[in-house]
Amino acid sequence: MTTRALLPTWSEWKPAFRAPGTDLLSGLVVALVALPLALGFGISSGLGAAAGLATAIVAGALAAVFGGSRFQVSGPTGAMTVVLVPIMAEHGTSGVLTVGLMAGIVLVALAFAGVGRAVRFMPAPVIEGFTAGIAVVIALQQFPGALGVSGAEGEKVWQSAFDAVRRFVDDPHWTAPATALVVAAVILIGGRYLPKLPFALVTVVVSTVIASVADLDLARVGAIPAGLPAPSLSFFHLDEVTALLLPALAVAALAALESLLSATAADAMAVGTRNDPDRELFGQGLANIAAPLFGGVPATGAIARTAVNVRSGARTRLAALTHAVVLAGIVYFVSELVSDIPIAALAGVLLATTVRMVEAASLAAIARASRGDGVVMALTFVVTVAFDLVTAVVIGIGFALVLAVRAIAREATLDKVPLDESDHLGEEYALLRDHIVAYRIDGPLFFAAAHRFLLELTDVADVKVVILRMSRITALDTTGALVLKDAIRKLEHRHITVLLSGLRADHRARLAAMGALPASGEDAVFPDTGAAITYARRLLPTTRRPIR
């Protein structure tokens, strides 16, 4: 991958400057949604609210400009926070910042290596299950805010959501849940009939005004730190690099996985768009290199904010850049006004977003198309909600690969085929039918299909010569070669001559290297089946039967 291919072009920005209105409005809406999330995730990571804001502003701007998706909104995320907490506990603030910087360098290297394109091979059931699972996780994250409960406990999101519900039942206050439900309902219903109106922004502003005028008992965003710290590399210490290498690789893997899946999900929510995965890794790498310099935590593409961006009508990457600029403006100029926004209203915005994230028709279509794909999708969904994103994707892909290998293995067949006897006399017809048999191997001969092939092949009886027609083998791995070797040796032990025809050069080399050719070696390999039949007839002259 060349540097030029990873850099932004003017053609990407032309549509933004021709008609910027929709993108500017979308960026404003996303900024309002991102603000409390940035504060909360910064605090959860252990570095504080300022770190979360620095990440949302610095990483959000760089990823918007250099990333590979025109809709992606980047910043601190809940999944990343889970990884950062133990690093903070063991290595402190400097360790987290160093890990972010190292992870950024790894991501840039992956971009130049072209690794991002591998996401295109991600099975659709895994992506759909992941997207639905993330929607549920985001919804569960809103339970404490929507119910007006603070200090909900639990290691997993569903545990803290359950604890929030339990506390609300013990001491119910209906102002917060009513606010969240009204905001979500207005966004969903209004967006259905008037999709161009920014209902998310309107509901947040109206709910803030009502809460302030009526002095409602609602939790607010609260005080926001003013300004960003000056860029500095004082946190970086060379003696920590070795100890932080594995955590940095883990952070880089999570950032790459979450960002690429988020960009892919954004493509699914929009129409006629396709992200550049290698550029996305490059943009996220630059973002993670820069964010620690301003005291920020590692960043990734954020599916919730990206979904808000898409659903708010964003058309170009100007929307994501606007989100970062608005956050910077809020930090420096109007932090006091934003401090009065009810958290319940923002929870309502995200609850509405999660409903619109899930494509029910797509989920139903996958479930109907194949039971195996339905299982993969359901498994990915359940593990995403119950555990975490990385575990879900690994398990989902692993299960999908098992099903794929099983399906491919079933394509491999071993068929007994008739020999061309048109030039033989009558007694030779009987001779060929009784003592020479040909088998054609179709499809891949690899580890998943090889042992079934062995059982079928060694079951032949009452023959003198077996001709294996190999021209239709599409793949031959080491296991397949070893199993073929075993089958040939078993046949030869029964004094059955084995001949090979139509063997591809690469398959021939592999069989020779594994010692899997017949006992007579290259003499038993023929370019076509006709030559093998001629040779087989010469082997059996003394067994001719008299004509009756």
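Up top you'll find the structure we're talking about.
Now for a quick tour of the structure. (Residues numbered from 1 in each chain as written. Predicted model: local features only at pLDDT ≥ 70, side-chain atom pairs only at ≥ 80, totals over all residues. Heavy atoms only, no water.)

1. Considerations on the overall build of the protein
Move 1: The helix and strand inventory of the protein stands at 24 helices and eight strands.
Move 2: In the protein, which comprises 548 residues, the proportion classed as buried is 50%.
Move 3: Here the contacts in the protein between residues at least 6 apart in sequence split such that 83% fall between residues at least 24 apart.
Move 4: Accessible area for the protein stands at about 24,900 Å²; split by element, carbon and sulfur atoms hold 64% of it. (Helix = DSSP H or I, 4+ residues; strand = E, 2+ residues; numbered from the N terminus. Buried < 20%, exposed > 50% of the residue type's maximum accessible area, 1.4 Å probe, protein only. Contact = heavy atoms within 4.5 Å. Areas by Shrake-Rupley, 256 points an atom, 1.4 Å probe, with all protein chains shown as cover.)

2. Some words on the pairing of strand β7 (residues 497–501)
Move 1: Most of β7 is tucked away, with four of its five residues classed as buried.
Move 2: Examined bridge by bridge, strand β5 (residues 465–469) and β7 share five bridges and lie parallel to one another. Along β7, the bridge assignment pairs R469 with S501.
Move 3: Where β7 meets strand β8 (residues 525–526), two bridges bridge the pair, whose relative direction is parallel. Each bridged residue has a counterpart across the sheet, and for S501 the counterpart in β8 is F526.
Move 4: The handedness of the β7 to β8 crossover, carried by helix α23 (residues 505–513), is right-handed. (Pairing = 2+ DSSP bridges. Right-handed = clockwise from strand over helix to strand, strands pointing away.)

3. Let's talk about a nonpolar patch on the surface
Move 1: Together, I189, Y193, L194 and L197 make up a nonpolar patch on the protein surface, roughly 450 Å² of accessible area in all.
Move 2: Here I189 shows up in helix α9 (residues 175–193).
Move 3: Since its relative accessible area comes to 53%, I189 is described here as exposed. (Patch = residues over 30% accessible without salt bridge, like charges linked within 9 Å, V, L, I, M, F, W, Y side chains within 5 Å. Salt bridge = Lys/Arg side-chain N within 4 Å of Asp/Glu carboxyl O.)

4. A look at helix α6 (residues 124–141)
Move 1: Its 18 residues give α6 an end-to-end C-alpha distance of 26 Å, which sits within 8% of 26 Å, the value for a rise of 1.5 Å per residue.
Move 2: Of all 18 residues in α6, 15 are buried, a share of seventy percent or more. (Expected span 1.5 Å × (residues − 1).)

5. Here we look at the layout of surface pockets
Move 1: Its volume calculated, the second largest pocket comes out at about 510 Å³.
Move 2: If you trace the second largest pocket, you find 23 residues lining it, with P195, R311, S312, G313 and R356 closest to the centre.
Move 3: Taken together, the elements giving at least two residues each to the lining of the second largest pocket come down to α3 (21–45), α9, α10 (199–213), α13 (303–311) and α16 (343–357).
Move 4: It is α16 that contributes the most residues to the lining of the second largest pocket, four residues altogether.
Move 5: Broken down by class, the residue content of the lining of the second largest pocket amounts to 15 nonpolar, five polar and three charged. (1 Å grid on protein atoms, 1.4 Å probe; cavity = no way out; pocket = protein on both sides within 12 Å on 5 of 7 lines; lining within 4 Å. Points joined across faces, edges and corners; volume = space filled by probe spheres on them. Nonpolar A, V, L, I, M, F, W, Y, C, P; charged D, E, K, R; others polar.)

6. Here's the deal with the packing of aromatic side chains
Move 1: Inspection of the entire model under this criterion finds seven aromatic pairs.
Move 2: Plain terms: the ring middles of F526 and Y535 are 5.1 Å apart, the flat faces sit at 45 degrees to each other, and that makes the pair tilted.
Move 3: An aromatic cluster of three or more residues is present, and its members are W10, W13 and F17. (Phe/Tyr/Trp six-rings, centres within 6.5 Å; stacked < 30°, edge-to-face > 60°.)

7. A look at the packing of α3 against α13
Move 1: Contact pair α3 / α13: the axes reach a minimum separation of 9 Å and the direction vectors enclose 165 degrees. Our classification of the angle between α3 and α13 gives roughly antiparallel. Our pair here, α3 against α13, has a crossing hand that is right-handed. Residues S26, V29, V30, V33, A34, L37 and F41 of α3 form the contact with α13, whose participating residues are R305, V308 and N309.
Move 2: A per-class count over the contact of α3 with α13 returns seven nonpolar, two polar and one charged. (Axes fitted to C-alpha atoms, helices over the stretch in contact; angles between N-to-C directions. Parallel < 35°, antiparallel > 145°, perpendicular 65-115°, else oblique. Left-handed = near helix turned anticlockwise from the far one by under 90°.)

8. Remarks on the packing of α3 against helix α14 (residues 318–332)
Axes are the key here: two packed helices are described by the angle between their axes and the distance separating the axes.
Move 1: Remark: α3 packs on α14, axes separated minimally by 7 Å, with the N-to-C direction vectors making an angle of 55 degrees. Considered as vectors, α3 and α14 are oriented oblique to each other. Every pair of crossing elements has a handedness; the one defined by α3 and α14 is right-handed. Judged by residue contacts, D23, L24, S26, G27, L28, V30, A31, A34 and L35 of α3 engage L318, A319, T322, H323, V326, L327 and I330 from α14.
Move 2: When the residues that make up the contact of α3 with α14 are grouped by side-chain class, the tally is 11 nonpolar, four polar and one charged.

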